[in-house]
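# A structural walkthrough
Each chain is listed here by its residues.
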Amino acid sequence: MASARAQAGKPPEHKEEALSEKIKWVANKMPKSDDKHLGIMSLENVEAARSFHRSFPQYDVTPLAKLDRLAGELGLANLAVKDESYRFGLNAFKVLGGSFAMANYIAGKIGRPVSEMTYDYLTSDELARDFGQATFFTATDGNHGRGVAWAANKLGQRAVVHMPKGSVKSRFDNIAAEGAEVTIEDVNYDECVRMAAAEAEACENGVIVQDTAWDGYEEIPSWIMEGYGTMASEAAEQYAAAGVERPTHVFVQAGVGSLAGGVVGYFTNLFPDNPPTFVVMEADTAACLYKGALAGDGDPRIVDGDMPTIMAGLACGEPNTLGWDILRNHVSVFVSCPNWVAAKGMRVLGAPRKGDPRVISGESGAVGAGLVTTLMESDEYAELREAIGLDETSSVLLFSTEGDTDPVNYRRVVWDGAYPAE
């Protein structure tokens, strides 16, 4: 049921940057930890998640868009984009994590292995007898909440979703359409997380399903990261099927760092002797991972207050402790990106070179395409390009994690040219 508080949710207003706003980056020189969390993304764990997702009738492998013409023009050997706008009909990848976490939670409560938590069982009368009904609480900018709401709806469970101020109506409506109780609150994302956690604690049969982690809350976030591994596993297989043994460079965006930690962890385990070069990108107003890398001591940093950005899915100021540990050990460079980088990526993918497939990519999904094209086209960022060895021998993998989940802003950017590149 939708809350009346959602009436306050309007498309966020952002001042368009002056052309002088620059990309910032820092090489990772942090001390290594014992890397104890890398095992979360073991090949065995990821295969268990993928087996679970395969049991859904809605499951299909999402496309890997090979942008051969653009790669040639930029001076790269290969450029490929995993297009998650096709995932389960939800226009974003997030459902992979929330659904697998819910399955693991239910499995633990009834004392059965997650391998038995197939879609058929989870939607059966037998589950209703074995488990009953829980209420899954979460905070979201839109995509994660929609995935939790969708999974809860399919599995006969309840969902309560809190969205931060500035959340847009289209994302709210998509969550409400799945039958969840959803509100837009007058606080930022991290405060919504705390709100959801407190309500879950106070609710009988309540549980918080969040893709960030903190001390004492790590099991469910680890399952969410494993769920994201399905996307990475598919991409690796598609890359190999296209005749490329492995990507030399993986660019992945980060909010709390669950996705980034999942992707980096998976590819590190897949290619332990020769992992790709990993580049993590954040929205400049919420660049907590970048700030942690800049400090250089290995401890995470927090960004608080308002985080105005068109990259709503990345507007998170408190790192996932599990993801941060993986990233500090394996990422080469952390990059802080202004809005124009994401906007450029949306236009590059939405208006491809003749012969390349089109990718409809939303603000948080397109930042990688914007960064890579900028690095290859502009000598202003030659130092970063050279630091990561991006050249004519490079095979680059990007993840477009969402489609046009905010259709109004998508048109503003792609049709009207909002947030022009510097």
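In the block above lies the structure referred to throughout.
Below or above, wherever it landed, is the structure these notes cover. For clarity, every value in this text was computed on a predicted model and none was experimentally measured. (Residues numbered from 1 in each chain as written. Predicted model: local features only at pLDDT ≥ 70, side-chain atom pairs only at ≥ 80, totals over all residues. Heavy atoms only, no water.)

With that settled, the discussion passes to the overall build of the protein. In terms of regular secondary structure, the protein is built from 16 helices and eleven strands. Its C-alpha atoms give the protein a radius of gyration of 20 Å, near enough to 22 Å, the size a compact globule of 422 residues would have. Each of the three principal axes of the protein carries a C-alpha extent, and together these read 60 × 45 × 45 Å. The buried share among the 422 residues of the protein stands at 60%. (Helix = DSSP H or I, 4+ residues; strand = E, 2+ residues; numbered from the N terminus. Rg over C-alpha atoms; globule rule 2.2 N^0.38 Å. Buried < 20%, exposed > 50% of the residue type's maximum accessible area, 1.4 Å probe, protein only.)

Right, let's get into helix 6 (residues 143-154). Between the first and last C-alpha of helix 6 there are 16 Å, a value that for twelve residues agrees with the 16 Å anticipated at 1.5 Å per step. Among the twelve residues that make up helix 6, ten are buried, leaving the element largely enclosed by the rest of the structure. Where helix 6 is concerned, the buried positions are Asn143, His144, Gly145, Arg146, Gly147, Val148, Ala149, Trp150, Ala151 and Ala152. Residues of helix 6 that are buried make contact with helix 3 (95-110), strand 4 (135-139), strand 5 (158-163), helix 7 (169-176) and helix 9 (219-241). (Expected span 1.5 Å × (residues − 1). Contact = heavy atoms within 4.5 Å.)

Another point: the environment of Gly323. Looking at where Gly323 falls in the secondary structure, it is placed in helix 12 (residues 321-330). A residue is classified by how much of its surface remains accessible, and Gly323, at 0% relative accessible area, is buried. Note: C-alpha distance between Gly323 and Pro221 (102 residues apart in sequence) is 9.3 Å. In this view, Gly323 contacts Met225, Gly257 and Gly261; residues no more than four positions away in its chain are not counted.

Spatial strand order, 6-5-4-7: four strands in an open sheet with parallel pairing. Two strands bound the open sheet, and with one partner strand each, they are strand 6 (181-184) and strand 7 (206-208). Neighbour-to-neighbour, the strand axes of the sheet open up by a mean angle of 15°, direction not taken into account. Bridge analysis of strand 4 against strand 7 gives three bridges, and the strand direction is parallel. In the strand pairing of strand 7, Phe137 is matched with Ile208. Docked against the sheet, helix 8 (residues 189-202) engages strand 4, strand 5 and strand 7, running at close to 165° with respect to strand 4. (Pairing = 2+ DSSP bridges. Axes fitted to C-alpha atoms, helices over the stretch in contact; angles between N-to-C directions.)

Right, let's get into the sheet that holds strand 2 (residues 64-66). The sheet built from seven strands is open, its strands ordered 1-10-9-8-11-3-2 with mixed pairing. Of all the strands in the sheet, the pair left with one neighbour each is strand 1 (24-27) and strand 2. Pairs of neighbouring strands in the sheet enclose a mean axial angle of 20°, with direction left out of account. As paired elements, strand 8 (residues 249-253) and strand 11 (residues 395-400) share two bridges and run parallel to each other. Residue pairing in the sheet places Val250 in a bridge with Leu397 of strand 11. Contacts from helix 9 reach strand 2, strand 3 (78-83) and strand 11, with the element oriented near 145° to strand 11.

Right, let's get into the packing of helix 13 (residues 339-350) against helix 16 (residues 407-414). Two numbers describe how helix 13 lies on helix 16: the axes approach to 9 Å, and their chain directions differ by 85°. The angle between helix 13 and helix 16 falls in the class roughly perpendicular. Side by side, helix 13 and helix 16 meet where Ala343, Met346, Arg347 and Gly350 of the first sit next to Tyr410, Val413 and Val414 of the second. A per-class count over the contact of helix 13 with helix 16 returns five nonpolar, one polar and one charged. (Parallel < 35°, antiparallel > 145°, perpendicular 65-115°, else oblique. Nonpolar A, V, L, I, M, F, W, Y, C, P; charged D, E, K, R; others polar.)

So, on to the nonpolar core. Grouped together as the largest cluster of nonpolar side chains are 93 residues, with contacts concentrated most on Leu122, Phe267, Val280 and Phe334. Filtering out sequence-adjacent residues up to four positions away, Phe267 remains in contact with Ala232, Ala236, Pro247, Pro276, Phe278, Leu397 and Phe399. Residues Ala65, Val279, Met346 and Leu398 belong to the second largest nonpolar core, which totals 44 residues. (Core = buried A, V, L, I, M, F, W, Y, C linked by side-chain atoms within 4.5 Å.)

What follows covers the packing of aromatic side chains. By the definition in use, this model includes 14 aromatic pairs. Judged by centre distance (5.6 Å) and plane angle (20°), the rings of Phe56 and Phe88 are stacked. Note that Phe56 is positioned in the loop between helix 1 (43-54) and strand 2 and Phe88 in the loop between strand 3 and helix 3, a separation of 32 residues in sequence. Of the two residues examined, Phe56 and Phe88, each falls in the buried class. With a centroid separation of 5.4 Å and an interplanar angle of 80°, the aromatic rings of Tyr266 and Phe267 are classed as edge-to-face. Each member of the pair, Tyr266 as well as Phe267, carries the same accessibility label: buried. An aromatic cluster is defined as three or more aromatic residues linked by ring pairs; in this entry it consists of Phe52, Phe56, Tyr59, Phe88, Phe100, Tyr119 and Trp150. Lying over the aromatic face of Tyr121, Arg112 brings its terminal NZ or CZ to 4.4 Å of the ring centre. (Phe/Tyr/Trp six-rings, centres within 6.5 Å; stacked < 30°, edge-to-face > 60°. Lys NZ or Arg CZ within 6 Å of the ring centre and 35° of its normal.)

The values are spatial; any link to function lies outside them.
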